[in-house]
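What follows is each chain in one-letter form.
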Amino acid sequence: MTVETTRIDGIATPVSRIGLGTWAIGGWMWGGADDTASIATIRNAIDQGINLIDTAPVYGFGHAEEVVGKALEGRREQAVIATKVALEWGDDGIRRNSTPARIRTEIEDSLRRLRTDRIDLYQVHWPDPRVPFEETAAELEKLREEGKILAIGVSNFSPEQMDVFGRAARLAAVQPPYNLFERAIEADVLPYAKSHGLTVLAYGALCRGLLSGRMSASTRFDGDDLRNHDPKFQPPRFAQYLAAVGALAQLSHDRHGKSVLALAIRWILDQGPTIALWGARRPDQLRGIDDAFGWRLSPEDLADIDALLARHITSPVGPEFMAPPLR
């Protein structure tokens, strides 16, 4: 297949417009992990030309980064590694912490776990209002000047927060939640990114699997799987979202001969300077990546999709439940 690519300021390598998301690979909040399958998934993605691997220290409390490091042994130059910083964890839970001291600790831990001498895209995971954004940005700019990171990004930041952050660092990317069902960034973050030359890494592109087309009313989730607490997966909303997926699947099949999964990814790619993060932890979950490239949705498609969503989802809800607490 021909993989669509884009550029992230500061990174010389062209970046695939689909990236592999590794939250589930960490196991925590996803019902456990299978490292052998996870390593095979990462290598399979690379083999298909998906070179962006997005991870974070908090995904399994270091475990996802360790798995990514193992999977990329001998193949580091084929990958663009994006990871994150500024969440800490302990017996009392997870908290935001973007102090320079925390950043210095985390960068060394991430480099060790990832088995690399540099991180291509280093992103502040959540804004920490207890630390001036300029202070956090300045520390990341120092890391960039030292060659430990190539590009700087933020995740879950508002345009106002990015404005302040950008006074002290060269910002290249922003990573917000974005998919057919979670579209709040269209009012602020997406137009800001377009006007400021930022690449958007859309996380939750398949909305925790809802848009995969593989779920039904009988689908259940094991252990600590976050979907046991996600409002979209609870009645009465779950039925509404499943009905919308069914209608989207019909539209995609009838007009383009594509799956609903391909439609969901294509929709993100058609919105602007975007990369869709595709979460997977088994190689079979990467099936269909090639169907997302090489075509576009028409204005009529986009209008009909919006009407379809409004008709089926009468009580929409966002991804706010995922936000970690402040310190």
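Anyway, here's the lowdown on the structure attached to this text.

Glancing now at the environment of Trp89. Inspection of the secondary structure puts Trp89 in strand S6 (residues 87-90). Along the primary structure Trp89 and Ala247 are separated by 158 residues, whereas in three dimensions their C-alpha atoms are 41 Å apart. If sequence neighbours within four positions are ignored, Trp89 has contacts with Pro57, Val58, Phe61, Gly62, Ile94, Arg95 and Arg102.

In terms of nonpolar packing, the biggest core is built from 113 residues, with Phe165, Phe181 and Leu248 touching the most fellow members. Per-element tally for this core: the top contributor is helix H8 (residues 260-269), with nine residues. Excluding its chain neighbours within four sequence positions, the residues that come into contact with Phe165 are Val124, Phe133, Thr136, Ala137, Leu140, Ile152, Val154, Phe157 and Leu171.

Taken across its six residues, strand S5 (residues 80-85) has six buried, putting it largely inside the fold. What you see with S5 is no split at all: Val80, Ala82 and Lys84 on one side and Ile81, Thr83 and Val85 on the other are buried throughout. With three bridges joining them, strand S4 (residues 52-54) and S5 adopt parallel strand pairing. Looking across to S5, one finds that Ile53 is bridged to Ile81. Once you follow S4 into helix H2 (residues 63-71) and on to S5, the crossover reads as right-handed. Of the pairings in the sheet, the one linking S5 to strand S8 (residues 119-124) comprises four bridges and is parallel in character. Within S8, the position partnered with Thr83 by the bridge is Tyr122.

Okay, the sheet that holds S4 next. Reading around the barrel, the eight strands line up as S3-S4-S5-S8-S9-S10-S11-S12 and close back on themselves, with parallel pairing between neighbours. Taking each pair of neighbouring strands and ignoring which way they run, the sheet shows an average axis angle of 30°. Where strand S3 (residues 18-21) lies against strand S12 (residues 274-279), four bridges are found, and the strand directions are parallel. When the sheet's bridge partners are listed, Leu20 is paired in S12 with Trp278. Strands S5, S8 and strand S9 (149-155) of the sheet are contacted by helix H4 (residues 133-146), whose axis makes an angle of about 155° with S9.

All of the buried residues in H2 are Ala64, Glu65, Val67, Val68, Gly69 and Ala71. Taken together, the buried residues of H2 touch helix H1 (35-47), S4, S5 and helix H3 (100-114).

Here H3 is 15 residues long and its end C-alpha atoms lie 21 Å apart, about the 21 Å a rise of 1.5 Å per residue gives. Those residues of H3 that fall on the buried side of the exposure criterion are Pro100, Arg102, Ile103, Glu106, Ile107, Ser110, Leu111, Arg113 and Leu114. Taken down its axis, H3 places every buried residue within 165° of arc, on the same side. With respect to the buried face of H3, the exposed residues turned more than 90 degrees away are Ala101 and Arg112. The elements touched by buried residues of H3 are H2, S5, S6, S8, H4 and S9. Looking one or two residues beyond H3, the residue adopting positive phi is Arg115, at roughly 55°.

Where charged atoms from two side chains of opposite charge approach closely, those side chains can pair. Under the defined criterion, the tally for this structure stands at 31 salt bridges. Here Glu65 makes a salt bridge to Arg113, at a shortest N to O gap of 2.8 Å. Here Glu65, found in helix H2, pairs with Arg113, found in helix H3; they are 48 residues apart in sequence, far enough to count as distant. Each of the two residues, Glu65 as well as Arg113, counts as buried. Residue Asp120 is joined to Arg76 by a salt bridge in which the shortest nitrogen-to-oxygen separation is 2.9 Å. Of this pair, Asp120 sits in strand S8 while Arg76 sits in the loop between H2 and S5, placing them 44 residues apart in sequence. What makes Arg76 buried here is its relative accessible area of 11%. Taken together, the shared-partner salt bridges in this structure form one network comprising Glu4, Arg17, Arg266, Asp270 and Arg296.

Calculation criteria
Residues numbered from 1 in each chain as written. Predicted model: local features only at pLDDT ≥ 70, side-chain atom pairs only at ≥ 80, totals over all residues. Heavy atoms only, no water. Helix = DSSP H or I, 4+ residues; strand = E, 2+ residues; numbered from the N terminus. Contact = heavy atoms within 4.5 Å. Core = buried A, V, L, I, M, F, W, Y, C linked by side-chain atoms within 4.5 Å. Buried < 20%, exposed > 50% of the residue type's maximum accessible area, 1.4 Å probe, protein only. Pairing = 2+ DSSP bridges. Right-handed = clockwise from strand over helix to strand, strands pointing away. Axes fitted to C-alpha atoms, helices over the stretch in contact; angles between N-to-C directions. Expected span 1.5 Å × (residues − 1). Arc of directions from axis to C-beta. Salt bridge = Lys/Arg side-chain N within 4 Å of Asp/Glu carboxyl O.

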